[in-house]
Amino acid sequence: MAALEEGFTLSAVPLGAGPHGLLGVEQSDKADQFLVTDGGRTVILYKVSDQKPLGSWSVKQGQIITCPAVCNFQTGEYIVVHDNKVLRIWSNEDVNLDKVFKATLSAEIYRIHSIQGAEPLVLFKEGAVRGLEALLAEPQQKIETVISDEEVIKWTKIFMVFKHPVLIFITEKHGNYFAYIQKFNSHTLSKYTLLLGQEEKSVIQSFTASVDRKFISLMSLSSDGCIYETLVPIHPSDPEKDQRVVRSLLLKDVVSGDGRNGVALTVLDQDHVAVLGPPLPSSKECISIWNTKFQTLQTSKELSQGTSGQLWYYGENLFVLHGKFLTVIPYKCEVSSLAGALGKLKHSQDPGTQTVPHFVNWETSRGHRLGSQNSEQSKRIKDSEKHIEEELCKFLAIKPTPDFNTIIGDIVSELLGRHKAEPSFYPRNSLMQLIQTHVLSHSLCPGLMEAALEKADVQMLQLCLQQFPDIPESVTCACLKIFLSISDGSLQEAEINMESVSDYSDSVQEEKMEEQTEVLHNGFNAEEENCGNCDQELNKKPQDAAEETMSCPVIPKRAALLRNAILHSAYSEMFLLPHLKDIPAQHVTLFLQYLYFLYLKCSENATMTLPGLHPPTLNQIMDWICLLLDANFTVVVMIPEAKRLLLSLYKFVKSQICICSELNKIEVSFRELQKLNQEKNNRELYSIEVLELF
């Protein structure tokens, strides 16, 4: 588990950074103090705990600092380079850099490295490396060229391996990248060619590295938004020969490769990396921590004022230029597990002791008032649910194993078991994630829908009805009761899948109905004399009837629950009918009105189907109408509000009977035509026919 704490600025005065941001942030000989070098003329020494500068030094007007200032850990002095070749060395007591020690070298410097336990090392732009003492003894000594023409150093870092410094620097030439390893105990230089593999078109935007006894783990963040890893041997088999190493994909789709201010990457420990840049779903800058072992995002923090695409870390602090201010963001990286997140702690309790929810390192608070206990317990439960959700995201991001289905079932059982013991604990988001794995069923976790029914969680019930293939009819009917009885206000607040559900009462249809006084269904006029008038009362107000048929009787979210969940659920009539009798009459009437509305929408087109994806079929609609009437007809027929609805249903049934009757009449004609066609096809191979044209 990783966390980013609230950041703070080191100074209220904006840094005079150049066009490329800061040159660097380096640690001094004291753990809480850091040297910050801007892209212009100034070096500032900050004390992080006090959030204030301890000293500031600048070069003269017209001079430019060209690499970050560092601390010589052997002497406590500071070193900086200006104008590429001029070294300046000073201490805290010095005020003016123009009056401190100066040494002009014969070649341009790329970077000065300083690390505890070794003298500072100077890396020149041509690839040569010298110790500081040797350079000061002879500043104008000739510096050899190590790298080839047009080869440019892109990144460098120093490590201590077996108490000896090891320097790595990366170069680029015509899109090809090379790694150089300089060991100072044996004074050997090894060169490796980095093979990009299938990602040859991507451009490497940032490097970072960590080291063990045998390999340097070189990580690179490319323009495709992915992090790649290359294992570079510290001790090559043949140091004189150029060798090749291949990089492999470590993390995919970490950031958007087209960040305006660039991206940055740094290693925090053996399992975590920090990434600076805009994530793929967003264009806003943010800093995030990723777990490379489980390939999961641990935490992230938005940086609203933008960044320079530069990132440094020391100890447990991240340094980033946020806007024009250097911001320090403390972080923590801890080892976490899914089992720990679920709070699967088994403790024996003495009889009579009160059960207290356990989660990770929760401790029972004693000696407080009941009100404060309840408040703290509620906060802990919320933190527990959030932690479980984060850990579950990491687990689901891992490639599924053969026992994935069993593990998901066990997790749901544990969560529901804890919910049963603590009703206030309801990890809704985690349960929704588990349902969307498509491996659960009602028989595997029967308590899941029971808990959702208790909470009237219509979103989870809808998802279960769509995902589970074995829901009992009693549970389906219980869901139907919830969907019909829940208030419109509660539905408006719920997040419901509105797939293919729309309000059909649009203005165009209403204008069309005002012009058309008689309604056609399936191209058949129910008002014709051959079908008779179904009811005189119904025909007295054709305009009202048209308005009733063309307006949906329920709000869109309730329609989504009924259309996309209930009507698609599997059932057996024998087992469903007894439970339908328990639905209140007014809710039965409302459901019938909605089914009747869907029937009318089906009848508007020749295909007899509803618009949208996965609509219920006409047969499904008619089956539910019949089931509701069979189970509740004696009750519904006594309700005055249902009278017009029943008359409308009767009218449509009678019109369909008339259609069938007319079809039966012409069936004989079709049979005669079929016989003639068969006689024509059954003629012998040889025949004579006389055709009279006039």
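Counting restarts for each chain, with residues numbered from 1 along the sequence as it is written. Per-residue local features are limited, in this predicted model, to residues with pLDDT of at least 70; the limit for side-chain atom pairs, both in listing and counting, is 80 or more; totals at the level of whole chains, interfaces and linings are taken over all residues. The side-chain numbers reported here are obtained from all heavy atoms of the structure, hydrogens and water having been left aside.

Looking at an unreviewed UniProt entry, one finds the protein named Nucleolar protein 11 and attributed to Neovison vison. UniProt positions are given in the numbering used here, feature names are shortened, and annotations may be inferred rather than shown by experiment. The protein has a UniProt comment under Subcellular location (unreviewed entry) that states "Nucleus, Nucleolus".

A. Layout of the sheet that holds strand β15 (residues 164–173). Pairing between two strands requires that DSSP report at least two bridges joining them. A run of H or I in DSSP counts as a helix once it spans at least four residues, and a run of E counts as a strand once it spans at least two, with each numbered from the N terminus. Pairing in this open sheet of five strands is mixed, and the strands run β14-β15-β16-β17-β21 from one edge to the other. Edge positions in the open sheet fall to β14 (152–161) and β21 (243–246), since each of these has one partner strand only. Taken pair by pair, the neighbouring strands of this sheet meet at an average axis angle of 25 degrees, ignoring direction. Interaxial angles span 0 to 180 degrees and are taken between N-to-C directions of axes, which are lines fitted to C-alpha atoms, for helices over the stretch in contact.

B. Quick peek at helix α4 (residues 404–421). To estimate the expected span of a helix, subtract one from its residue number and multiply by 1.5 Å. Here α4 spans 26 Å end to end across 18 residues, near enough to the 26 Å set by a 1.5 Å rise per residue. Burial status follows relative accessibility: with a 1.4 Å probe on protein chains alone, a residue under 20% of its type maximum counts as buried, one over 50% as exposed, and anything between as partly exposed. Listed in full, the buried residues belonging to α4 are Phe-404, Ile-408, Gly-409, Ile-411, Val-412, Leu-415, Leu-416, Arg-418 and His-419.

C. Representation of the nonpolar core in the model. Among the nonpolar cores identified, the biggest contains 83 residues, and Phe-483, Leu-580 and Phe-591 are the most heavily contacted of them. Per-element accounting of this core gives the leading share, 12 residues, to helix α15 (residues 585–603). Side-chain atoms within 4.5 Å are what join buried Ala, Val, Leu, Ile, Met, Phe, Trp, Tyr and Cys residues into a set we call a nonpolar core. Grouped together as the second largest cluster of nonpolar side chains are 20 residues, Tyr-177, Tyr-192, Leu-194 and Leu-196 included.

D. Focus on the pattern of salt bridges. Take a side-chain nitrogen of Lys or Arg and a carboxyl oxygen of Asp or Glu: if they are within 4 Å of each other, that pair is a salt bridge. Within the structure shown, the criterion is met by 12 salt bridges. Lys-301 is the partner of Glu-6 in a salt bridge, and the nearest nitrogen-oxygen pair spans 3.6 Å. On the criterion of sequence distance, the pair formed by Glu-6 in the loop between β1 (2–4) and β2 (8–9) and Lys-301 in strand β26 (residues 296–302) is long-range, its members being 295 residues apart. In this structure, Lys-394 and Glu-391 form a salt bridge, with 2.6 Å as the shortest nitrogen-oxygen distance. Within this pair, Lys-394 and its partner Glu-391 are both found in helix α3 (residues 370–397), separated by three residues, close to a single helical turn.

E. View of the packing of helix α8 (residues 473–485) against helix α13 (residues 556–566). Remark: α8 packs on α13, axes separated minimally by 9 Å, with the N-to-C direction vectors making an angle of 165 degrees. Between α8 and α13, the crossing angle belongs to the class labelled roughly antiparallel. By crossing handedness, the relation of α8 to α13 is classed as left-handed. In contact with Thr-476, Cys-479, Leu-480, Phe-483, Leu-484 and Ser-485 of α8, α13 contributes Arg-558, Leu-561, Leu-562, Ala-565 and Ile-566. Partitioning the contact of α8 with α13 into residue classes produces eight nonpolar, two polar and one charged. Oblique is the label for any angle not covered by the other classes, which are roughly parallel (under 35 degrees), roughly antiparallel (over 145) and roughly perpendicular (65 to 115). When the near helix sits turned anticlockwise from the far one by under a right angle, the crossing is termed left-handed; a clockwise turn instead gives a right-handed crossing. Two residues form a contact once any of their heavy atoms are found within 4.5 Å. We call Asp, Glu, Lys and Arg charged. Ala, Val, Leu, Ile, Met, Phe, Trp, Tyr, Cys and Pro are nonpolar, and the rest, Gly among them, are polar.

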